[in-house]
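One-letter residues, chain by chain:
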Amino acid sequence: MNILLTSAGRRTYLVEYFKEALHMAGEPGLVHAANSKVSPAFFAADRRVVTPLIYSEEYIPFLLDYCRRWDIRLLIPLFDIDLPVLAAARDAFAAQGTVVVTGDAEAVEICNDKWNTYQTLTKQGIETPKSWLDAEAVRDAAAAGLAAYPFILKPRWGMGSLSVYQADDEQELFVLDRKIRREIRESYLRYEAVQDEANVLIQQKIRGAELGLDVVNDLDGNFRAVVVKKKGSMRAGETDESETVKIPELEALGKRLSGLLGHRGNLDVDILEEDGRYYVLEMNARFGGGYPFSHAAGLNLPYALIMWAMGREPKEGCLKARPGVHAQKDIRLLVWGE
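Bear in mind the structure is a predicted one, so any value in this text is a computation, not a measurement. (Residues numbered from 1 in each chain as written. Predicted model: local features only at pLDDT ≥ 70, side-chain atom pairs only at ≥ 80, totals over all residues. Heavy atoms only, no water.)

We now examine the side chain of S242. Residue placement: S242 occurs in strand β12 (residues 238-245). Polar side-chain contacts of S242 include one of 3.3 Å to the backbone oxygen of K230. Those residues in contact with S242, other than ones at most four positions away along the chain, are K229, K230, K231, G232, F293, V325, H326 and A327. (Helix = DSSP H or I, 4+ residues; strand = E, 2+ residues; numbered from the N terminus. Polar contact = N/O pair within 3.5 Å; in protein donor to acceptor, adjacent residues only side chain to side chain. Contact = heavy atoms within 4.5 Å.)

On the surface, a cluster of nonpolar side chains totalling about 360 Å² of accessible area is made up of V38, F43, V50 and L334. Here V50 lies in strand β3 (residues 47-50). (Patch = residues over 30% accessible without salt bridge, like charges linked within 9 Å, V, L, I, M, F, W, Y side chains within 5 Å. Areas by Shrake-Rupley, 256 points an atom, 1.4 Å probe, with all protein chains shown as cover. Salt bridge = Lys/Arg side-chain N within 4 Å of Asp/Glu carboxyl O.)

A separate point is the environment of M283. Along the chain, M283 falls in strand β14 (residues 277-284). Residues M283 and A142, 141 residues apart in the sequence, show an inter-C-alpha distance of 27 Å. Contact partners of M283, with chain neighbours within four places excluded, come to I110, C111, T117, L121, L257, L261, L267, D268 and V269.

What follows deals with the environment of I184. Mapping I184 onto the fold places it in helix α8 (residues 170-185). Through-space distance from the C-alpha of I184 to that of R156 is 9.8 Å; in sequence the pair is 28 residues apart.

Right, let's talk about the packing of aromatic side chains for a bit. Counted according to the given criterion, the structure contains 8 aromatic pairs. Considering the side-chain rings of Y17 and Y291, the 6.1 Å spacing of their centres and the 70° angle between planes classify their relative orientation as edge-to-face. Here Y17, found in helix α1 (residues 12-24), pairs with Y291, found in helix α10 (residues 291-296); they are 274 residues apart in sequence, far enough to count as distant. With a relative accessible area of 0%, Y291 lands in the buried category. Aromatic pair Y149 and F151: ring centres 5.0 Å apart, planes at 75°, arrangement edge-to-face. We classify Y149 as partly exposed; its relative accessible area is 26%. (Phe/Tyr/Trp six-rings, centres within 6.5 Å; stacked < 30°, edge-to-face > 60°. Buried < 20%, exposed > 50% of the residue type's maximum accessible area, 1.4 Å probe, protein only.)

It is worth spelling out the sheet that holds strand β5 (residues 99-100) at this point. If you walk across this open sheet you meet the 5 strands as β3-β2-β1-β4-β5, and the pairing is parallel. This sheet does not close on itself; its edge strands, each paired only once, are β3 and β5. Where strand β4 (residues 72-77) lies against β5, 2 bridges are found, and the strand directions are parallel. Residue pairing in the sheet places L74 in a bridge with V99 of β5. Against the sheet, helix α2 (residues 59-70) contacts β1 (2-6), β2 (31-35), β3 and β4, and its axis sits at roughly 160° relative to β1. Here helix α11 (residues 301-309) sits on the sheet and contacts β1 and β4; the angle it forms with β4, its principal contact strand, is near 140°. (Pairing = 2+ DSSP bridges. Axes fitted to C-alpha atoms, helices over the stretch in contact; angles between N-to-C directions.)

All we've got here are geometric facts, nothing functional implied.
So this is what it looks like as structure tokens:
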């Protein structure tokens, strides 16, 4: 079985996880890594390919041809901008035997569009930080005592903590709103920010612990597992230190989100806790930067995905994570050439 990780970037650990999972499943195959330029994951992969840019007209035809030539069974997108493009083409890939492991187009839209996330969760009665798309509405809510500074401002379609700021007063609120709009126009975030007048999300700040969920569905979108993690530190929007914990309330929430989105593979969920209440901050229909902590505690989603793709059930225990496993990421240097 051959596997392709798109937008692989620095996720060498995922390349290694899938290589180990193929061996564990007793399945011959190669792990391919794709990127629009040379990336660290290339040096761990069995095969590597530089692709057209995600929003290029050649991107999907290129990947379809690549998957056909290399008999790719599982295509694993790893970048938020990649998700809607590949989700929209899931049927084309399925027609040639390639499973795109993410949500369908509607589920991906709910996750990628943070205003859609807020509206969807609110309608379902799931707690999430109060949010607005209009700085003037936030100013008026604060003046009326319906909300209070500080507020967090971020791109409505954003990732990796890019252009995320805190406004502590009214002046900062409007200055940062303009600043983020400019930064969106000057970065790759512009590809998803299709509504220029409503592309900044403003949220009431939640003070408290940061947690994360890995919500696992099988390739038919059925719930299979959830892992809860308490985050110790973050770096560039990605979890740098974490400990697996057991919180039944959040496990139940993960199962509920599984049914709501019906995604394939992993759903990465960011949670904030304040005064004993849990707020869903963001969701990503892909492997997130916090997945290695679940893997270290015993969850083996790469192996499970391979087994499901073969029409088999994974070994018992591979979809469970031990609580109390604490881990940190390190930094390694890859060197090539003389």
